[in-house]
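Structure at a glance
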2 protein chains.
Amino acid sequence: MLTSKEYSDYINGAIKSLNLPGGKLAGLYSPISYALATGGKRLRPMLTLMTCEAFGHPVEEALPMALGIEIFHNFTLLHDDVMDNSDIRRGRPSVMAKYGVNTAILSGDTMLSLATGLMLKAPAATMPAVMECFNSTAIEVYEGQQLDIDFENRNDVSLSEYLEMIRLKTSVLLGCAAKIGAIIAGASDNDADLLYRYAECLGLAFQIQDDMLDVYGNPEFGKPIGGDILNDKKTFLMLSAMSSPKAAEMRAAMAQSDKSSKIKAVTEVYDALNMRQLCSEAVERYSLEAISAIEKANIPEENKVCFRKLAYSLSERQV
Amino acid sequence: MLTSKEYSDYINGAIKSLNLPGGKLAGLYSPISYALATGGKRLRPMLTLMTCEAFGHPVEEALPMALGIEIFHNFTLLHDDVMDNSDIRRGRPSVMAKYGVNTAILSGDTMLSLATGLMLKAPAATMPAVMECFNSTAIEVYEGQQLDIDFENRNDVSLSEYLEMIRLKTSVLLGCAAKIGAIIAGASDNDADLLYRYAECLGLAFQIQDDMLDVYGNPEFGKPIGGDILNDKKTFLMLSAMSSPKAAEMRAAMAQSDKSSKIKAVTEVYDALNMRQLCSEAVERYSLEAISAIEKANIPEENKVCFRKLAYSLSERQV
């Protein structure tokens, strides 16, 4: 098995060799190159490659699908940034900010079809299953995004609805990324589903960790503290507090108008509820479920190591 | 073979039975039902069904793909309306106007993936070819839309560039619709390509006829005359005039500020160039090329009738 760094170098190299059309069509394709060059962790394509390799299959065969998953993910970011009116993505101007809304829409559409085209390159025997997994996941991702939008205008979102929303919006794509690697490798349906569950749980752990770091992260790592609190964002912490006996105090804390008082008051409610601990427990629960899925899969013991490592690294991350 | 009316009733019935999710996901799917219910000519799915039937294959087998083509077409309309800021579509509020920009984007994305999902329902032996044709066509449609956007800010667009743009933006989807019906029916590659060429030429004829009707249409049929002229829209007529010896007069006519004087002056240049005749000749040339493709295809003589009829009806239409 390769290391994380080797996988991401491999993916970045493949992205550079994509050879998108230029010339008269540069208006459509340059924003795509720009979006893909911005990097990120390349977690999704890495999962596809890792899984393919874990089942003893040559990693090259999964590369087009790994790229397709990454391009799909970046397509959702282009459109999400339009919907959220976000000017910044990964510390640089978003495609919308740099090239305009219309380009973000049309180049985004193109990315979705480019991603589909890469899925069609799967070996003939596996292509229908790859396409089915990819396409049904795409629809789930849109459903998750719709629920997220709907939640903004609702005051009665339950924690379980929230977990279902983040599962759809972010986790299913991780599950799909891992499962496609397994399908390409010719794994059994059961093994492919175990890998899906592994990555899906990873996604849930990742998102809850993200919610926690907004409040309890180390500001030295660059991310400002309390952004979610100021935006009244529905998070694991907020919805847990709202369904606790301290709901009234939480509402009062959220009603504060001064920014730093609001962050302080909400954090005090969270502290009183032992929220940091609650989050850590939820993250650990999902990480353990991820690892338990890997233990059951028919992959050689030595290939399981990096899956465990990845699960721990995500749940222990500080940024 | 069915009649046009029978095909479109069949398609409308299938659209009504699509059974899209509601409940918590109504925010995503209701706009899709709304967009699909608005009708239109159903020309694209009809081509898929007609072609499948012409090769002696049961039309039912092509129905999911016909629906997929129609859903894809409507997805492009949702996103085009956002890009053009169009509030009206087929005489009703556009999805953007009725549900907002974000919904038009996200429900549009969903339609693209729903369309892809319907293509995946093609019989196993034909699915890879169907998907390949559908997906590469989708990318060409975006490229056409990008060229159309780019043309707005250019003063040196040639007639041949324009023809390539409308080929990509509108004709290739007609070609794809017809070709997919042929693929499903098990037609040879050569026959499938002939059907593609038939529908592609139909699309070109249709668009040039559209350009002509903006100037020479009968206002009693409802469409206001001169809309393209007032918007300085690059059309077959405008670009032909700009590459003629009357380019200077055309520029002067377009510079008029009073609306009715502008329409009158431009129309006079067109009249002097015998533009109505030029357009009719171009429409006829493409219609004949369409029909010539059909004559070469291996379909029973009696099944060719409705393809010829469709070609004539499009080029003779007044609206």
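Before reading on, note that the structure itself is shown above.
My aim in this report is to walk through the structure given alongside it, one point at a time. (Residues numbered from 1 in each chain as written. Chains lettered and ligands numbered in written order. Predicted model: local features only at pLDDT ≥ 70, side-chain atom pairs only at ≥ 80, totals over all residues. Heavy atoms only, no water.)

**With respect to the overall build of chain A**
Rule in force here: Secondary structure counts use DSSP, requiring at least four H or I residues in a row for a helix and at least two E residues in a row for a strand, with both numbered from the N terminus. With the radius of gyration taken over C-alpha atoms, the globule rule is written as 2.2 Å times the number of residues to the power 0.38. Throughout, exposure labels follow a simple rule: accessible area from a 1.4 Å probe, protein chains only, divided by the maximum for the residue type, with under 20% read as buried, over 50% as exposed, and the rest as partly exposed. Note on contacts: a residue pair is in contact if any heavy atoms of the two residues lie within 4.5 Å. A 1.4 Å probe and the Shrake-Rupley method give the accessible areas. Residues count as covered only by the protein chains that appear here. Positive charges come from Lys and Arg, negative ones from Asp and Glu, while His and the chain ends are left out of the count. By convention, the point assigned to a charge is CZ for Arg, NZ for Lys, CD for Glu and CG for Asp.
Assigned secondary structure in chain A consists of 15 helices and two strands. Its C-alpha atoms give chain A a radius of gyration of 20 Å, within 12% of the compact-globule value 20 Å for 319 residues. With the C-alpha coordinates of chain A rotated into their principal frame, the extents come out at 60 × 50 × 35 Å. With 319 residues in all, chain A has 57% of them scored as buried. When contacts within chain A are restricted to residue pairs at least 6 apart in sequence, long-range pairs at least 24 apart make up 74% of them. Of the roughly 13200 Å² that chain A leaves accessible, carbon and sulfur atoms contribute 52%. Here chain A carries 31 positive and 41 negative side-chain charges, and the mean point of each set is 4 Å from the other.

**Notes on the relation of the copies chain A and chain B**
Selection rule: What sets the superposition is a least-squares fit of C-alpha atoms, and only residues with pLDDT of at least 70 in both copies go into it.
When chain A is fitted onto chain B, the two copies agree to an RMSD of 0.1 Å after a turn of 180° and an axial shift of 0.0 Å. The symmetry that links the two subunits is that of a two-fold axis. The fraction of interface residues of chain A whose copies in chain B are also interface residues reaches 100%, indicating that both copies meet through the same surface.

**Comments concerning the interface of chain A and chain B**
It is common to give the size of an interface as the accessible area that goes away when the parts come together. To keep it simple, the criterion reads: By definition, the buried area sums, over both parts, the 1.4 Å-probe accessible area that each loses when the two are put together. Salt bridges are counted wherever a side-chain nitrogen of Lys or Arg sits within 4 Å of a carboxyl oxygen of Asp or Glu. Under the rule applied, a polar contact is a pair of N or O atoms within 3.5 Å (in protein, one hydrogen donor and one hydrogen acceptor; residues adjacent in sequence only if both atoms are side-chain atoms). Residue classes follow a fixed rule: Ala, Val, Leu, Ile, Met, Phe, Trp, Tyr, Cys and Pro count as nonpolar, while Asp, Glu, Lys and Arg count as charged, and any other residue, Gly among them, counts as polar.
Between chain A and chain B, the contact holds 35 residues from the first and 35 residues from the second. Summed over both partners, the interface of chain A with chain B comes to about 3200 Å²; 67% of that surface belongs to carbon and sulfur atoms. Taken together, chain A and chain B are joined by two salt bridges. Where chain A packs against chain B, one counts twelve residue pairs in polar contact (both at pLDDT 80 or more). For the side of chain A that touches chain B, the secondary structure elements donating two or more residues are α2 (26–37), α4 (63–84), α6 (101–119) and α7 (127–152) of chain A. Considering only residue class, the side of chain A that touches chain B consists of 19 nonpolar, ten polar and six charged.

**Structural notes on the pattern of salt bridges**
All chains considered together, the criterion is met by 34 salt bridges over all chains. For E70(A), the salt bridge identified is with R42(A), shortest N-O distance 2.8 Å. In this pair, E70(A) is assigned in helix α4 and R42(A) in the loop between α2 and α3 (43–54), connecting sequence segments 28 residues apart. Classification of E70(A) by relative accessible area gives buried; the value is 1%. Measuring nitrogen to oxygen at the nearest pair gives 2.7 Å for the salt bridge that ties E161(A) to K24(B). One end of the pair, E161(A), is in helix α8 (residues 159–184); the other, K24(B), is in the loop between α1 (4–16) and α2 (26–37), on a second chain. One network of salt bridges, with partners in common, ties together E164(A), R167(A), R197(A), E200(A) and E289(A).

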